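# Report on the structure
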Amino acid sequence: VVPPTEHISFDASCSTLESARADIRIHAIQQEHESVQILIRGAEPFIVDADSTIPLPLKWYQVGFVDAKANKRVESSGGGWRPDPLLAIPDDVQMVRVPAQFTQPLWFTWHIDRSEPISLTGEIRLRFTSASNQVRECAVPAAVRVASFAVPSVSRASVKHLWGFEEKNLRPFYGEHSATVSPLFHELLMRNRIPT
């Protein structure tokens, strides 16, 4: 388990990461979203599926990689393959295929939908199925502590971010699809408490 702020390369391992842990510990405030990454890797290709016994709404994602170019204006930007997009796991699929000798981060995000301080325990259960149909299971223990205060309402926020959200800002990237993407993007901003 590593923090969501950690950039993981596909050749990393828990033994090379100082921030790696064997369990999940979340300290949250009410009505926010909290995330962790779980790294998985195998000697042969496999499929993994996951579920959570923590009684909070969960979404999980496969971390994708992009081949980035070095930016000479940003020190240490480097280049090469970088973790970036979160690829949603569709409800009707609920599994990820992982090639051999490839470190695949899985990103788990819980919505802390509680309105009172509480401590919760549970686990993330991972089920691995190899190419030869051998099944192995693993449980990662988790503890969530919810504070006695909540994230302020997004709709009543008096401080906004600098970028004015408008469909025209998406048009250069999404072209004719910007009208379809616009409400999805707005929903993403609201869900993650970014007032527009």
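An account of the accompanying structure is given in this report. Note that the coordinates shown come from a computational prediction; the quantities given were computed from them, not determined experimentally. (Residues numbered from 1 in each chain as written. Predicted model: local features only at pLDDT ≥ 70, side-chain atom pairs only at ≥ 80, totals over all residues. Heavy atoms only, no water.)

One open sheet holds the five strands; their spatial order is β1-β9-β8-β3-β6, and the pairing between them is mixed. Bordering the open sheet on either side are β1 (24-30) and β6 (96-98), each of which pairs with just one other strand. This sheet shows a mean twist of 30° between the axes of neighbouring strands, independent of strand direction. (Pairing = 2+ DSSP bridges. Helix = DSSP H or I, 4+ residues; strand = E, 2+ residues; numbered from the N terminus. Axes fitted to C-alpha atoms, helices over the stretch in contact; angles between N-to-C directions.)

Okay, the sheet that holds strand β5 (residues 80-88) next. Strands sit in the order β2-β7-β4-β5 across an open sheet of four strands; the sheet is antiparallel. Among the strands making up the open sheet, the edge pair consists of β2 (33-40) and β5. On average, each strand axis in the sheet is tilted by 30° relative to the strand beside it, whichever way the strands run.

Let's shift gears to the pairing of β2. Burial of β2 is extensive: six of the eight residues sit out of reach of the surface. In this sheet, strand β7 (residues 104-111) lies alongside β2 in antiparallel orientation, the contact comprising eight bridges. Along β7, the bridge assignment pairs isoleucine 38 with leucine 106. (Buried < 20%, exposed > 50% of the residue type's maximum accessible area, 1.4 Å probe, protein only.)

For the rest of this paragraph, the subject is the packing of aromatic side chains. Counting across every chain of the model gives six aromatic pairs. Between the aromatic rings of phenylalanine 10 and phenylalanine 102, the centroid separation amounts to 5.2 Å while the plane-to-plane angle is 15°, which identifies the pairing as stacked. On the criterion of sequence distance, the pair formed by phenylalanine 10 in the segment before β1 and phenylalanine 102 in the loop between β6 and β7 is long-range, its members being 92 residues apart. Exposure remark for phenylalanine 10: the relative accessible area of 28% places this residue in the partly exposed category. Each ring, one from phenylalanine 46 and one from phenylalanine 128, has its centre 5.6 Å from the other, and the planes form 70°; the classification is edge-to-face. Placement of phenylalanine 46 in strand β3 (residues 46-52) and of phenylalanine 128 in strand β8 (residues 118-130) is noted, with a sequence separation of 82 residues between them. This pair shows no difference in class: phenylalanine 46 is buried, exactly as phenylalanine 128 is. (Phe/Tyr/Trp six-rings, centres within 6.5 Å; stacked < 30°, edge-to-face > 60°.)

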